[in-house]
Amino acid sequence: MATIKVDTSGTRYTVGAAPRPKNDMDGRQRTDRQTGTPLFTTQLVKVDAEGAEILTITTPGAPQVEQGAEVRPVGLIAIPWQQGQRAGVAFKADRIEPAHAQASKAS
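The rules behind the values
Residues numbered from 1 in each chain as written. Predicted model: local features only at pLDDT ≥ 70, side-chain atom pairs only at ≥ 80, totals over all residues. Heavy atoms only, no water. Buried < 20%, exposed > 50% of the residue type's maximum accessible area, 1.4 Å probe, protein only. Helix = DSSP H or I, 4+ residues; strand = E, 2+ residues; numbered from the N terminus. Pairing = 2+ DSSP bridges. Core = buried A, V, L, I, M, F, W, Y, C linked by side-chain atoms within 4.5 Å. Contact = heavy atoms within 4.5 Å. Salt bridge = Lys/Arg side-chain N within 4 Å of Asp/Glu carboxyl O.

Caption draft 1: Representation of the pairing of strand E5 (residues 70–74). Counting buried positions along E5 yields four of five residues, so the element is predominantly enclosed. Relative to strand E8 (residues 95–98), E5 runs antiparallel, the two sharing four bridges. Residue Arg72 lies in a different strand from E8, and its bridge partner there is Glu97.

Caption draft 2: Quick peek at the nonpolar core. One finds Tyr13, Val15, Leu44, Leu55, Ile57, Val65, Val71, Leu76, Ala78, Phe91, Ala93 and Ile96 forming the largest nonpolar core, which totals twelve residues. Broken down by secondary-structure element, the contributors of at least two residues to this core are strand E2 (12–21) and strand E4 (51–60). Setting aside chain neighbours within four positions, we find Tyr13 in contact with Thr8, Leu44, Val45, Lys46, Leu55, Ala69, Glu70, Val71, Pro73 and Leu76.

Caption draft 3: Structural context of the pattern of salt bridges. Within this structure, the stated rule accounts for seven salt bridges. Residue Asp32 is joined to Lys92 by a salt bridge in which the shortest nitrogen-to-oxygen separation is 3.5 Å. Highlighted residues: Asp32 in the loop between E2 and strand E3 (39–48) and Lys92 in strand E7 (residues 86–92), separated in sequence by 60 residues. Lys46 is the partner of Asp48 in a salt bridge, and the nearest nitrogen-oxygen pair spans 3.4 Å. Linked through salt bridges whose partners overlap, the residues forming this network are Asp24, Asp26 and Arg28.

Caption draft 4: Representation of the pairing of E2 within the structure. As paired elements, E2 and E3 share seven bridges and run antiparallel to each other. Counted as the bridge partner of Pro21 is Phe40 from E3. Of the pairings in the sheet, the one linking E2 to E5 comprises two bridges and is antiparallel in character. Note on E5: the bridge partner recorded for Tyr13 is Val71.

Caption draft 5: Region of interest: the environment of Ile79. For Ile79, the location among the structural elements is in strand E6 (residues 77–83). According to the relative accessible area criterion, Ile79 is buried, its value standing at 13%. The spacing of Ile79 and Lys5 is 74 residues in sequence and 9.1 Å in space, taken between C-alpha atoms.

Coordinates in, geometry out; function isn't part of it.
Below you can see the structure in the form of structure tokens.
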């Protein structure tokens, strides 16, 4: 499975929908294959010079973020996929943190 590291510099992210458990087709919550940590999905609105886009990002554990908050996905990767005639891109991040966390770490 090829992954592509996503450059998040110069991009703003806002939480469009609060984190939710990532469930399989039977309704069971999926877990990270290496750690067993429960997976969550968070809908983010990405805004950059090109415009806006809605991304659903999977993270291990539930990010402590609320709808409307400005955030920063850490370690964001894109994972192209194809199943039969369907294809798309999935997004995964190590974590999603409040945008102000980056500013306070920098100072």
